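For reference, the chains in residue letters:
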Amino acid sequence: MVAFLLFLLTSLSLGNEASTDSVCSNCGDSVVPYPFSTSENCGDKRYKVYCNDGNLEFLSATGTYYQILRIDPSANKLVISPPIILKNTCYSSDLFMGGLLLDESLPFNISTQNTVILLNCSDNILQSPLNCSSNSICRMFEEKVEQGNGCINTLCCHYLKDSAMNSHKIRVKVGSCTAYTCLVDFKPDDPLETWNYGIELQWLPPN
Ligand SMILES: *[C@@H]1O[C@H](CO)[C@@H](O)[C@H](O)[C@H]1NC(C)=O
Ligand SMILES: *[C@@H]1O[C@H](CO)[C@@H](O)[C@H](O)[C@H]1NC(C)=O
Ligand SMILES: *[C@@H]1O[C@H](CO)[C@@H](O)[C@H](O)[C@H]1NC(C)=O
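Residues numbered from 1 in each chain as written. Chains lettered and ligands numbered in written order. Predicted model: local features only at pLDDT ≥ 70, side-chain atom pairs only at ≥ 80, totals over all residues. Heavy atoms only, no water.

Undergrad: Would you mind showing me how to read the sheet that holds strand E3 (residues 65-72) here?
TA: Strands in a sheet are paired, the pairing made by backbone hydrogen bonds, and the direction either parallel or antiparallel. As summarised here, the arrangement of the six strands in space is E1-E2-E3-E4-E11-E6, forming an open sheet in which the pairing is antiparallel. Since the sheet does not close on itself, it has two edges, and those belong to strand E1 (50-52) and strand E6 (108-110), each with one partner. For this sheet, the mean angle separating the axes of adjacent strands, direction not counted, is 45°. As judged from the three bridges shared by strand E2 (residues 55-59) and E3, these two strands associate in the antiparallel manner. Looking across to E3, one finds that Phe 58 is bridged to Tyr 66. (Pairing = 2+ DSSP bridges. Helix = DSSP H or I, 4+ residues; strand = E, 2+ residues; numbered from the N terminus. Axes fitted to C-alpha atoms, helices over the stretch in contact; angles between N-to-C directions.)

Okay, here's the thing in structure tokens:
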């Protein structure tokens with residue numbers, strides 16, 4: 001019994017050491033900086049990410065995987081890829097999961113550097129503080145970007161997802177808006193060719 005307890009204690013403390021000390025190995029070409037964890041044996045478990053076929057991915061609360069485009073460990077920020085818009089439709093691939101939802105019990109949130117473009121919206125959306133004017137950048141996206149073509153001539157809007165907005169979700173649903181994309185660090189008048197597609201997340205560092 002004592003021997004078993006000792007064994008348990010030793011393996012627990014070893015387990016702890018492994019989870020706080022070791023940096024995960026690369027996933028394909030992507031570096032996986034601490035505290036991110038791709039397996040039981042490395043990183044910090046609360047910062048779980050997934051290495052699927054050499055692609056580093058982030059899992060939402062609804063079970064959708066988003067590709068991780070880059071990680072900036074010095075700023076505690078990472079950028080994930082917005083969902084694709086399914087061909088010949090105006091449906092985001094995560095539409096039936098309600099869009100992007102982050103698990104509120106995890107140390108991640110959506111940063112305040114994101115400009116969200118909402119597409120194929122219903123009139124009821126106009127009550128919220130969005131820019132749905134005819135010169136909203138959503139029009140440019142619909143007309144000039146192939147993925148936006150299926151949304152052409154629908155009501156669309158954009159807004160800066162600042163601290164007044166829920167920082168754990170980007171909602172879409174049938175009867176509201178059915179597709180979205182997102183730009184990081186967008187400034188008004190930035191030309192389309194320089195748009196930086198992504199959703200920037202922030203994490204609270206371990207202690
Ligand atoms: C736009 O949204 C409505 C429901 O809100 C849906 O019925 C329609 O198919 C959508 N349009 C496209 C082009 O996906
Ligand atoms: C809406 O966005 C466009 C493009 O950024 C901008 O020129 C316009 O002033 C905005 N309109 C409102 C009402 O904020
Ligand atoms: C997101 O989390 C960071 C770190 O915990 C915090 O400083 C920031 O205020 C949060 N942002 C929002 C919009 O809630």
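Undergrad: Hey, could you run me through the nonpolar core in this one?
TA: Counting residues in hydrophobic clusters, the biggest one holds 35 residues, and the most contacted among them are Phe 36, Leu 78, Ile 80, Leu 100, Leu 118, Tyr 180 and Ile 199. At the level of secondary structure, the elements contributing two or more residues to this core comprise E2, E3, strand E4 (77-80), E6, strand E7 (114-121), strand E8 (155-160), strand E10 (177-184) and strand E11 (199-203). The residues contacting Leu 118, other than those within four sequence positions of it, are Leu 130, Cys 138, Cys 156, Cys 157, Tyr 159, Arg 171, Val 172, Cys 177, Ala 179 and Tyr 180. Counting 15 residues, the second-largest nonpolar core is a separate cluster that includes Cys 90, Leu 119, Val 145 and Trp 195. (Core = buried A, V, L, I, M, F, W, Y, C linked by side-chain atoms within 4.5 Å. Buried < 20%, exposed > 50% of the residue type's maximum accessible area, 1.4 Å probe, protein only. Contact = heavy atoms within 4.5 Å.)

Undergrad: I would appreciate a short explanation of the state of the cysteines in the present structure.
TA: Each disulfide consists of one covalent bond between the sulfur atoms belonging to two cysteines. Per the counting criterion, the structure on display carries six disulfides. What pairs with Cys 27 in a disulfide is Cys 51, and their sulfur atoms sit 2.1 Å apart. One quick way to see it: the torsion about the S-S bond of Cys 27 and Cys 51 is about 95°, and its sign makes the bridge right-handed. Placement of Cys 27 in the loop between helix H1 (2-21) and E1 and of Cys 51 in strand E1 is noted, with a sequence separation of 24 residues between them. (Disulfide = S-S within 2.5 Å.)

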